[in-house]
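Here's the letter readout for the chains.
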Amino acid sequence: MAKNIMIQGTMSNAGKSLLCAALCRIFKQDGYRVAPFKSQNMALNSFITADGGEMGRAQVVQAEAAGIAPDVRMNPILLKPTTDVGSQVIVSGAAQGNMSAAQYFAKKTSYIPTIMDAYRSLAAENDIIVIEGAGSPAEINLRKDDIVNMGMAKLVDAPVLLAGDIDRGGVFAQLYGTVALLEPEDRKRVKGTIVNKFRGDRAILEPGIAILEDLCGVPVAGVIPYVHVDIDEEDSLSERFCRNQERKLVDLAVIRLPHISNFTDFSVFERYENVSLRYVDRVADLHAPDMILIPGTKSTIADLQWLRQCGLEAAIQKSAAAGTPVFGICGGYQMLGSHISDPDHAEAASITEIDGLGLLPMHTVFRGEKVQIQTAGTFGGIEGIFAGLNGLEYRGYEIHMGRSTEKMPTVLHSGRVYGSYVHGIFDAPGISDVIMQAICRQKGIDFAALQTFDLEQYRQSQYDKLADAVRQGMDMELVYRILNREV
């Protein structure tokens, strides 16, 4: 049976997911078979595995860091918010329907056998399991029936490292306050704390570290430097949405929908030196991009209403009429059609019928059964500015409850407007290059100025960069002693 270690945080976005990815990479580098695990995840960015199961993107990243294929056992429960008070509940990769927060909290302990079956199965196949918590274990209103923080640690007898985010300020209060609010039994599980995202000279921290260790009764296991790594993030707390909006040689605008999901579909475009990928949620920030990208969403109808109300619908239609390429993925693809209907109330929207942007010749009907599948093939029949895609191989996955017209091609297009249900469609070799080349020709600039790269090699280098930074700041000797129950 595998050894385990758990990373919990003082708050959401304290860096738990990347710390777990780093540990997965480090243990792999050190010769161990390692797998990630998170009993319950809440995120709109998800992934479809080879066998058609849906799981959170954070555990996909951690699996990639560990050098293994993503598996729904790594994330047995996924909550995908549909409203402010409800989520679609996915168990062992399969959608179980929508539940309000109250309904889910009343039922969540019934999922413990499923969680434990998944964990034990992974533990039987690996040397180490790296477990990620959610939010903070000090949410005292959620302590009862917890299945993701200390409740999970207790179920599998896992030691805990508690991470705080110094970049937000108040890290000593974060860490000590969290420890102080834990029940005595849970406090004993905390074997060390981590000061995460530190910029500067560690010597300046030393007086505070000594006091913190005395107050908490455990060592500071690491001071992790703030590191800029280009690794997919899982939710709307992503720093991508707060980046500089400066427009570069080629400018791409992603519409930042209220329920945006799988925005990582566009990450490949960020890796060109002279391409800007801006997330836009108001007309004043759209300007005149070289391409408009409309991402997936968990609430297509509600987000289409928002698009209409804020004026971005009219702005997109005007840009398309002027010749700007527009590309929609999944929910964004559905919005580009003429009409959307939801007779089965598959979405939690206030209406069940709405006209689309009218830029593609199709309509969408939502049904209760969810499409979850990995897909691959060869582009064909594409016309217009992106005709160069024809003959290239693509791969990706589909997650949707809508069916558009009858059987649609991989990419539907009309003029310079394109759409597809395939998440990850831009990632296979050559595809993003063809798109960028087409835009460069349109602008009369040299594609070589964008500086291309090997995407897979780049991705692996980013995992190694993350692991190096965490090795630099973490007391790995202590981590291994904790794994071996010597602390």
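This text follows the structure it describes.
Everything quoted here is computed from the prediction, not taken from an experiment.

### What to know about the pairing of strand E21 (residues 363-378)
Part 1 of the argument: When strand E19 (residues 339-341) meets E21, the two strands line up parallel, connected through three bridges. By the bridge assignment for E21, serine 341 is matched with valine 365.
Part 2 of the argument: One ladder, built from eleven bridges, connects E21 with strand E22 (residues 393-404); its direction is antiparallel. For glycine 377, the partnering residue across the bridge sits in E22 and is tyrosine 394.

### Quick word on the sheet that holds strand E16 (residues 291-294)
Part 1 of the argument: Read from one edge to the other, the open sheet built from six strands follows the order E15-E13-E16-E18-E24-E23, with strand pairing classed as mixed. Single-partner strands in this sheet number two, and they are strand E15 (275-280) and strand E23 (412-414). Ignoring strand direction, the axes of neighbouring strands in this sheet form an average angle of 20 degrees.
Part 2 of the argument: Here E16 runs beside strand E18 (residues 326-329); their pairing, made up of three bridges, is parallel. Residue pairing for E18: isoleucine 294 is matched across the bridge by glycine 328.
Part 3 of the argument: Taken strand by strand, helix H10 (residues 312-321) contacts strand E13 (250-255), E15, E16, E18 and strand E24 (417-420), and its axis lies near 135 degrees from that of E16.

### Notes on the pattern of salt bridges
Part 1 of the argument: Under the counting rule described, the total for this entry stands at 23 salt bridges.
Part 2 of the argument: Here arginine 73 and aspartate 71 are joined by a salt bridge, their closest N and O atoms 3.0 Å apart.
Part 3 of the argument: In this structure, the salt-bridge partner of aspartate 145 is lysine 144, at a minimum N-O distance of 3.1 Å.
Part 4 of the argument: We classify lysine 144 as exposed; its relative accessible area is 65%.
Part 5 of the argument: Ionic contacts of the salt-bridge type, sharing partners, join the residues Glu54, Lys80 and Lys370 into one network.

### Quick word on the nonpolar core
Part 1 of the argument: Counting residues in each nonpolar core, the largest one holds 70 residues, and the members touching the most others are Leu252, Phe269, Leu293, Phe386, Phe426, Ile435 and Met436.
Part 2 of the argument: In terms of residues, this core owes the most to one element, helix H12 (residues 431-443), which gives seven residues.
Part 3 of the argument: The contact partners of leucine 252, leaving out residues within four places of it in the chain, are Phe269, Val275, Ser276, Leu277, Arg278, Met291, Leu293, Met436 and Ile439.
Part 4 of the argument: Listed in part, the 51 residues of the second largest apolar core include Ala2, Phe47, Val72 and Leu205.

### Some thoughts on the packing of helix H6 (residues 171-181) against helix H8 (residues 206-216)
Part 1 of the argument: Between H6 and H8, whose axes approach to 10 Å, the crossing angle comes to 5 degrees. Accordingly, the angle class assigned to the pair H6 and H8 is roughly parallel. Residues Phe172, Leu175, Tyr176 and Val179 of H6 lie in contact with H8, whose contacting residues are Gly208, Ile209, Leu212, Leu215 and Cys216.
Part 2 of the argument: Along the lines of polarity and charge, the residues of the contact of H6 with H8 split into eight nonpolar, one polar and no charged.

### Notes on the pairing of strand E7 (residues 86-91)
Within a regular strand, side chains alternate between the sheet's two faces.
Part 1 of the argument: The buried count for E7 comes to six of six residues, which makes it a mostly enclosed element.
Part 2 of the argument: Side chains Gly86, Gln88 and Ile90 of E7 all project onto a buried face; the interleaved residues Ser87, Val89 and Val91 project onto the opposite face, where all are buried too.
Part 3 of the argument: Counting the residues in the hairpin turn of strand E6 (residues 77-83) and E7 gives two residues.
Part 4 of the argument: Relative to strand E8 (residues 94-100), E7 runs antiparallel, the two sharing five bridges. In the strand pairing of E8, glutamine 88 is matched with asparagine 98.
Part 5 of the argument: Where E7 folds back on E8, the antiparallel hairpin that results is connected by two residues, among which serine 92 adopts a positive phi of roughly 50 degrees.

Calculation notes
- Residues numbered from 1 in each chain as written.
- Predicted model: local features only at pLDDT ≥ 70, side-chain atom pairs only at ≥ 80, totals over all residues.
- Heavy atoms only, no water.
- Pairing = 2+ DSSP bridges.
- Helix = DSSP H or I, 4+ residues; strand = E, 2+ residues; numbered from the N terminus.
- Axes fitted to C-alpha atoms, helices over the stretch in contact; angles between N-to-C directions.
- Contact = heavy atoms within 4.5 Å.
- Salt bridge = Lys/Arg side-chain N within 4 Å of Asp/Glu carboxyl O.
- Buried < 20%, exposed > 50% of the residue type's maximum accessible area, 1.4 Å probe, protein only.
- Core = buried A, V, L, I, M, F, W, Y, C linked by side-chain atoms within 4.5 Å.
- Parallel < 35°, antiparallel > 145°, perpendicular 65-115°, else oblique.
- Nonpolar A, V, L, I, M, F, W, Y, C, P; charged D, E, K, R; others polar.

The analysis is restricted to geometry; functional conclusions fall outside its scope.
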